[in-house]
Amino acid sequence: MSTPLTAETTTFSLDNMGRYLCNSLQEALDSAQAQIAGRRRDFDVIIVGGGTFGSVMAHRLFAQDRTHSRRILVLEAGPFVLPEHNQNMSFIGGDPAMRAPWVSAPEFGFPGLVFAVGGRSISWGGWSPEPLHTASDDEMHGWPASVIADLRGSYFYDAADQIGVSATNDFVYGVLQEGLRCQLLDGLAAAPAGSPLALLQLSNLPDHPVVRAWRFFHGLDPNVDNGTDPSDAQLRDWLALDPATPTPPRAAMLNLLKLEAPLAVQARTVEGLFPFNKFSAVPIVTYAARTASSEADGTGPAADARKRLQIIPECHVQDLITETQSDNWVRVVGVRAIDRTGTSHDIMLAPPSQSGTQSVVVIALGTIESTRLALSTFQQSLAGRAAQRMGKNLMAHLRSNLTIRLPRAALTSLPPSAPNALQVSALLAKGKATIAGTDRYFHLQITASGLAKLGTNSESELFRKVPSSEQVSAMLQATDDTVVLTLRGIGQMGSQNPDSRVELAQTPSDSDFGRPKAWVTIGNAKAPTGGGSQTQEDRDFWDAMDAYTDEMAVLFANGQPFEILVMNNNQLDRVIPVPAGTPAAQLKTLLPYAARRDGLGTTHHEAGTLWMSTNPADGVTNEFGRIHDTTNCYVAGPALFPTVGSPNPMLIGVGLARRTADMLTSQVLPSPAGVTPQAAPYPAAPGYVSLFDGTAATFKNWVRVSPSAANGFALINGQIVTYGGQDFGLLYHATQPFADFTLKVQFRIFNAQNHNSGVFVRFRDPLRDPGQVTLTRMAQEALAEKQRRPDLRSDLELYQGNPANRAWSAVYTGFEVQIDDTARGDPRKDFYGVPEDQFDQSGGLRKNRTGAIYKIPAGDFIPQLNQQDAALQTYQAAPALIPGAWYEYTIDVRGDTYTVDLTDVGTGQTTRTTTFQNTDPERGLAQLGGQPAGYVGIQSYSNAQVAFGQIQISP
């Protein structure tokens, strides 16, 4: 990015943090034009949408890139507004503004999208139950079998761990949670046959994710309880039972865990670690962006070109740019986007490689906007194929809310000594109903607050405690002798309803950024009548869910009188008293179902319009989200769901995004030739140990000791690439010194006139060298130079006067094997009044040439003496280096004898370039104090790009 001089103004803040996180679109375009290591820096991945699933995808692709072989561009239509989930912040309220850039009927409740980096994850409630998939109950009917197997095999566990639902409710615990949980368990167990509460038995539900994850990671069958693993003590700890509570039977503890709310929150962790709090995708994509910026080492076009990830806010994508191939498949070659100034730009993808790898575009907008972009792009090129199905199968969730206020006496499972302290509880109950011969599923999100009189700070406390901040107003109605419960029902809408679809608007005025908006309609099950048979089935199912909710309210009331609290715009509107013993069926009369129901689409859970199928004639995308009959266009998010089930789409969407990212990493995206994601580009030869194998795992063992203003090193495409133009830089392998060894270093140059670099051997640790060396030969040379040219600073003085650049330690405590066919001398040095760089103008100095031990006399001709200098190394020049070709040094250091062989890797031709016998007693030492003392490193210098490949050593 360019030098940050001013803050970018957004709706929420003077956004200094956003400036450090993001780039402008022009900066991204400029960076793509640059060349590094002989390769243009085009983008290998363009993610359209920096919301939840685009951020998860970007982070996963970034983290899985072991060789740093790809560039990722994230285009987000909104700004950067919050660095975290809004409930993790230190203030109350203030969700990012939502926008609905589509057209829909006014009776529908689609609130729009959170237009911001992080998207919906900035303000979501956090409930993340896993969809049922058992022999008797299946919320994933119609999903590809391979997807179900992968999600249940590891990706649900991985996604749960990432978003914070891999543990039980570590932030919701205490007597209120424990008491309500026990009362719910007892009530469900006592429900008579035929009751709505008995249709889905707890015994038929899978164990809590934390239990199954524990078994999975301990090599056990996640779905089978062997009676001992995990232990009863572990189950008790997960339930956070009060120490005074007797240990329940094992089966009861497993069932109690099934009632725990799967909330994406981590408030407690092991000692010494920070908790994650409520999950948001912003911190993970921020981490990736800041890591990319740190690796790039600077600001401006050159540093931007080294960046592996760039995030562009306020950038609206109009279309994907495509080409139709000879086989009639469609390839995306770029995107067309409008920046914040209103200027349209074409952003091109990197072209496919000869090895078959290729770049990709990922559509990761919300379901409706993803569908609009897909329809706008492919309505002609995929007409009669995937385009004819895009937009069908629109689903949302059916949602109702019932808030009740119970007397404390109704909660018989509370211990008598329950403290008067403000507490919250969060539980989840699963239910189902059979509609038109098909099982349909829902769940209740049960949130409670109470046990203390609410004081002036309770709103702030509740804001951080309740799963969703929109429930704060209801929770505030609790008193010191009552408890407030909100029962929120979330039910699945039927799939493939012809009443529900997304299309492109046909009215010319319904356009945005020069393209038609989406037009949305959905089967209106909230209306008492109308629509087709499937919409009526949704109504019947909604009634069944609300009836279940009433049964649950009576269960918690426990025969006591209670009150129904009617909330309107987050304010208490009225209170409906319910006499003791009122049956559940009468609650519908007191508060009709229609008065409890949210508008369709208000859940922000739209899904299904680009659903996946292994059959190209039946779905829009394949099992990894690639749009059928395209080679490289993928989709992330709930638009992929064949059926929606009842869970919030976060867990499934994150699991699918990680799964697709892993597949793209292993099968599609560029990587060093012939390298699999598990293998290293450069495995060590027999008898050798890898110091650098082309991956970040070994690159991290190399330490740069030159200051940030000096030359640097970047891992790019499995190679260490040098850059910069000030002083010189040293990157050394810091984990281990060596005495005698054979070192093999592969390298290549890119400019025949500027490629000065080198390999340093047998130098002292620069981080421990005191910075003031007095070596015999160096001191003698410095004295001789000073006598000849008193006006010049010797290298020794330069080194001693520049302790900040510890790279100089390698110069005077070790030896450099030079890489420089131009063999230019140093104009600061001279012999008898002639600057060194003027010697032997026809080809430079031998002692400065590729393959020589740098600056060790090699028989160079001295014009003033009309003779050669006394050679201390036996030098033979190799054929000139060819830009782009790979070469390998074999540097053998045994005792005081140094030999260097240079091999052209392509032809196999080898030249023994030098043999050198070291006589300096203080330079190039093998040992100090009886221990190996010689480190190895590589150099960057003079703004020259040189790439280093495999580096291995045989001690």
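In this text the structure is predicted, and so the values were computed from the model without any measurement.

## A look at the overall build of the protein
Here is step 1 of the chain: What the protein contains, in helices and strands, is 20 helices and 47 strands.
Here is step 2 of the chain: A buried classification covers 58% of the 955 residues belonging to the protein.
Here is step 3 of the chain: In the form shown here, the protein has an accessible surface area of approximately 35,800 Å², with 51% of it arising from carbon and sulfur atoms.

## Re the pairing of strand E20 (residues 482-492)
Here is step 1 of the chain: Extensive coverage of E20 is indicated by the burial of 11 of its 11 residues.
Here is step 2 of the chain: The two faces of E20 match: Thr482, Val484, Thr486, Arg488, Ile490 and Gln492 on one face and Val483, Leu485, Leu487, Gly489 and Gly491 on the other face are all buried.
Here is step 3 of the chain: Two elements, strand E17 (residues 397-407) and E20, share 11 bridges in a ladder whose sense is antiparallel. Looking across to E20, one finds that arginine 399 is bridged to isoleucine 490.
Here is step 4 of the chain: Pairing analysis gives nine bridges linking strand E19 (residues 438-450) to E20, with the strands arranged antiparallel. Note on E20: the bridge partner recorded for glycine 450 is valine 483.

## Quick notes on the nonpolar core
For soluble globular proteins, nonpolar side chains are generally found buried alongside one another.
Here is step 1 of the chain: Core analysis: the largest hydrophobic core is formed by 103 residues, its most contacted members being Leu320 and Met390.
Here is step 2 of the chain: Here the element with the most residues in this core is helix H16 (residues 650-668); it accounts for 10 residues.

## A few points about the confidence of the model for the protein
Here is step 1 of the chain: The predicted model of the protein averages 87 in pLDDT, with 85% of residues at 70 or higher.
Here is step 2 of the chain: Note that residues 455-463 has pLDDT below 50 and, in this model, 20 contacts with residues that lie over four places away or in other chains.
Here is step 3 of the chain: For the stretch residues 770-776, pLDDT sits under 50, and the model shows 19 contacts to residues farther than four places along the chain or on other chains.

## Comments concerning the environment of glutamine 177
Here is step 1 of the chain: In this structure, glutamine 177 sits in helix H5 (residues 175-190).
Here is step 2 of the chain: We classify glutamine 177 as buried; its relative accessible area is 1%.
Here is step 3 of the chain: Separated by 249 residues in sequence, glutamine 177 and alanine 426 place their C-alpha atoms 6.9 Å apart.
Here is step 4 of the chain: Looking at glutamine 177, its side chain comes within polar contact range of the main-chain nitrogen of alanine 426, at 3.0 Å.

## Quick notes on the pattern of salt bridges
Here is step 1 of the chain: Within this structure, the stated rule accounts for 34 salt bridges.
Here is step 2 of the chain: A salt bridge links aspartate 598 to arginine 399, with the nearest nitrogen and oxygen atoms 2.5 Å apart. With aspartate 598 in the loop between helix H15 (587-590) and strand E27 (633-635) and arginine 399 in strand E17, this residue pair connects regions lying 199 residues apart in the sequence. Each member of the pair, aspartate 598 together with arginine 399, is buried.
Here is step 3 of the chain: One salt bridge in this structure joins arginine 762 and aspartate 740, with 2.8 Å as the shortest N-O distance. Separated by 22 residues along the polypeptide, arginine 762 in strand E34 (residues 757-763) and aspartate 740 in the loop between strand E32 (728-733) and strand E33 (741-749) bring together distant segments of the chain.
Here is step 4 of the chain: Here aspartate 740 falls in the partly exposed class, since its relative accessible area comes to 31%.

## Things to note about the sheet that holds strand E35 (residues 815-819)
Here is step 1 of the chain: Strand order in the open sheet formed by five strands is E29-E32-E46-E34-E35, and the pairing between neighbours is antiparallel. Edge positions in the open sheet fall to strand E29 (702-704) and E35, since each of these has one partner strand only. If you compare each strand with its neighbour and ignore which way they point, the axes differ by 25° on average.
Here is step 2 of the chain: Examined bridge by bridge, E29 and E32 share three bridges and lie antiparallel to one another. Bridge assignment links tryptophan 702 to a residue of E32, and that residue is histidine 733.

## Concerning the packing of helix H3 (residues 52-63) against helix H9 (residues 282-296)
Here is step 1 of the chain: Remark: H3 packs on H9, axes separated minimally by 8 Å, with the N-to-C direction vectors making an angle of 40°. With respect to H9, the axis of H3 lies oblique. Handedness of the crossing formed by H3 with H9: left-handed. Facing Ser55, Val56, His59 and Phe62 of H3, the residues of H9 in contact are Ile284, Val285, Tyr287, Ala288, Thr291, Ala292 and Glu295.
Here is step 2 of the chain: Of the residues contributing to the contact of H3 with H9, the split by class is seven nonpolar, three polar and one charged.

## Considerations on H3
Here is step 1 of the chain: Taking 1.5 Å per residue as the helical rise, H3 with its 12 residues ought to reach 16 Å, and the 17 Å between its terminal C-alpha atoms agrees with that figure.
Here is step 2 of the chain: Of all 12 residues making up H3, 11 are buried, and the element is well covered by its neighbours.
Here is step 3 of the chain: Among the residues of H3, those classed as buried are Thr52, Phe53, Gly54, Ser55, Val56, Met57, Ala58, His59, Arg60, Leu61 and Phe62.

## Looking at the packing of aromatic side chains
Here is step 1 of the chain: Taken as a whole and judged by the stated rule, the model has 21 aromatic pairs.
Here is step 2 of the chain: Geometrically, the ring pair formed by tryptophan 143 and phenylalanine 641 is tilted, given 5.2 Å between the ring centres and 45° between the ring planes. Here the residue tryptophan 143 occupies a position in the loop between strand E9 (113-114) and helix H4 (145-163), and phenylalanine 641 occupies one in the loop between E27 and H16, the gap between them amounting to 498 residues. Exposure class is identical for tryptophan 143 and phenylalanine 641. Each is buried.
Here is step 3 of the chain: Ring geometry for tyrosine 157 and phenylalanine 216: centres 4.7 Å apart, planes at 35°, overall tilted. Of this pair, tyrosine 157 sits in helix H4 while phenylalanine 216 sits in helix H6 (residues 209-217); the two residues are 59 residues apart in sequence, bridging distant segments of the chain.
Here is step 4 of the chain: Take phenylalanine 216: its relative accessible area is 28%, and that puts it in the partly exposed class.
Here is step 5 of the chain: One aromatic cluster in this structure is built from Phe728, Tyr732, Phe760, Phe763, Trp808, Tyr812, Tyr935 and Tyr941.

## A closer look at the side chain of aspartate 546
Here is step 1 of the chain: As for its placement among the helices and strands, aspartate 546 is situated in helix H14 (residues 533-557).
Here is step 2 of the chain: Side chain to side chain, aspartate 546 and serine 400 meet in a polar contact 2.8 Å long.
Here is step 3 of the chain: Beyond its immediate sequence surroundings of up to four residues, aspartate 546 is in contact with Ser400, Tyr593, Arg596 and Arg597.

## Considering the packing of helix H7 (residues 232-239) against helix H8 (residues 250-258)
Here is step 1 of the chain: Close contact between H7 and H8 brings their axes to 10 Å; oriented N to C, the two are set at 35°. Seen from above, H7 lies across H8 with left-handed handedness. Seen from H7, the contacting residues are Asp232, Leu235, Arg236, Trp238 and Leu239; seen from H8, they are Arg250, Met253, Leu254, Leu256 and Leu257.
Here is step 2 of the chain: Classifying every residue of the contact of H7 with H8 gives seven nonpolar, no polar and three charged.

## Details of the pairing of E17
Here is step 1 of the chain: Of all 11 residues in E17, 10 are buried, a share of seventy percent or more.
Here is step 2 of the chain: Here three bridges tie E17 to strand E25 (residues 562-568), and the two strands are oriented antiparallel to one another. Each residue of the ladder has a partner; that of arginine 405, found in E25, is glutamate 563.

## Thoughts on empty space enclosed by the protein
Here is step 1 of the chain: Inspection of every chain in the model, using the stated rule, returns seven cavities of 30 Å³ or more.
Here is step 2 of the chain: Approximately 290 Å³ is the volume found for the largest cavity.
Here is step 3 of the chain: Taken together, the elements giving at least two residues each to the lining of the largest cavity come down to H3, E9, strand E13 (316-324) and helix H11 (367-378).
Here is step 4 of the chain: Along the lines of polarity and charge, the residues of the lining of the largest cavity split into 13 nonpolar, eight polar and four charged.
Here is step 5 of the chain: In this model, the second largest cavity occupies a volume close to 250 Å³.

## Quick look at H16
Here is step 1 of the chain: With 19 residues, H16 should cover 27 Å at 1.5 Å per step; its first-to-last C-alpha distance of 25 Å lies within 8% of that length.
Here is step 2 of the chain: H16 sits mainly inside the fold: 17 of its 19 residues count as buried.

## Some words on unusual backbone geometry
Here is step 1 of the chain: The omega angle of the peptide bond from aspartate 229 to proline 230 is -10°, so this bond is cis rather than trans.
Here is step 2 of the chain: Here proline 230 is to be found in the loop between H6 and H7.
Here is step 3 of the chain: One non-glycine residue, aspartate 297, lies in the positive phi region at around 65°.
Here is step 4 of the chain: For aspartate 297, the position within the fold is in the loop between H9 and helix H10 (301-306).
Here is step 5 of the chain: One non-glycine residue, asparagine 717, adopts positive backbone phi at about 55°.
Here is step 6 of the chain: As for its position among the elements, asparagine 717 is in the loop between strand E30 (712-716) and strand E31 (719-723).

Calculation criteria
Every chain begins its residue count from 1, and numbering advances along the sequence as written. Where local features are concerned, this predicted model is filtered to residues with pLDDT of at least 70; where side-chain atom pairs are given and counted, the filter is 80 or more; whole-chain, interface and lining totals use all residues. Heavy atoms throughout the structure, all of them, feed into the side-chain values; hydrogens and water do not. Secondary structure elements are taken from DSSP: a helix is a run of H or I of four residues or more, a strand is a run of E of two residues or more, and numbering for both begins at the N terminus. For the exposure calls, accessible area comes from a 1.4 Å probe over protein chains only, and a residue counts as buried if that area is under 20% of its type's maximum, exposed if over 50%, partly exposed in between. Using the Shrake-Rupley algorithm and a 1.4 Å probe, accessible areas are obtained, with residue cover drawn only from the displayed protein chains. Here a strand pair is declared whenever DSSP counts at least two bridges between the two strands. Put simply, a nonpolar core is a bunch of buried Ala, Val, Leu, Ile, Met, Phe, Trp, Tyr and Cys residues held in one set by side-chain atoms that sit within 4.5 Å of each other. What pLDDT reports is the predictor's confidence in each residue, on a scale of 0 through 100. Contacts are assigned to residue pairs with any non-hydrogen atoms lying within 4.5 Å of each other. Polar contacts, as used here, are pairs of N or O atoms within 3.5 Å; protein pairs need one atom able to donate a hydrogen and one able to accept it. Residues neighboring in sequence count only if both atoms are side-chain atoms. Here, a salt bridge means any Lys or Arg side-chain nitrogen found within 4 Å of an Asp or Glu carboxyl oxygen. A fitted line through C-alpha atoms represents every axis, and for helices the fit uses only the stretch in contact; the resulting angles, taken between N-to-C directions, go from 0 to 180 degrees. Here the word oblique covers every angle except those under 35 degrees (roughly parallel), over 145 (roughly antiparallel) and from 65 to 115 (roughly perpendicular). Take the far helix as your reference; a near helix turned counterclockwise from it by less than a right angle gives a left-handed crossing, and one turned clockwise gives a right-handed crossing. Under the grouping applied here, Gly and all other residues not named as nonpolar or charged are polar, the nonpolar ones being Ala, Val, Leu, Ile, Met, Phe, Trp, Tyr, Cys and Pro and the charged ones Asp, Glu, Lys and Arg. To estimate how far a helix should reach, multiply one less than its number of residues by 1.5 Å. Between 30 and 60 degrees the pair is tilted, below 30 it is stacked and above 60 it is edge-to-face, where a pair is any two Phe, Tyr or Trp rings, Trp via its six-membered ring, whose centres lie within 6.5 Å. Definitions used throughout: a 1 Å grid over protein atoms alone; a cavity as a set of points that fits a 1.4 Å probe which cannot get out; a pocket as an open set with protein on both sides within 12 Å along at least five of seven lines; a lining residue as one with an atom within 4 Å of a point. Grid points are joined across faces, edges and corners, and a volume is the space filled by probe spheres set on the points.

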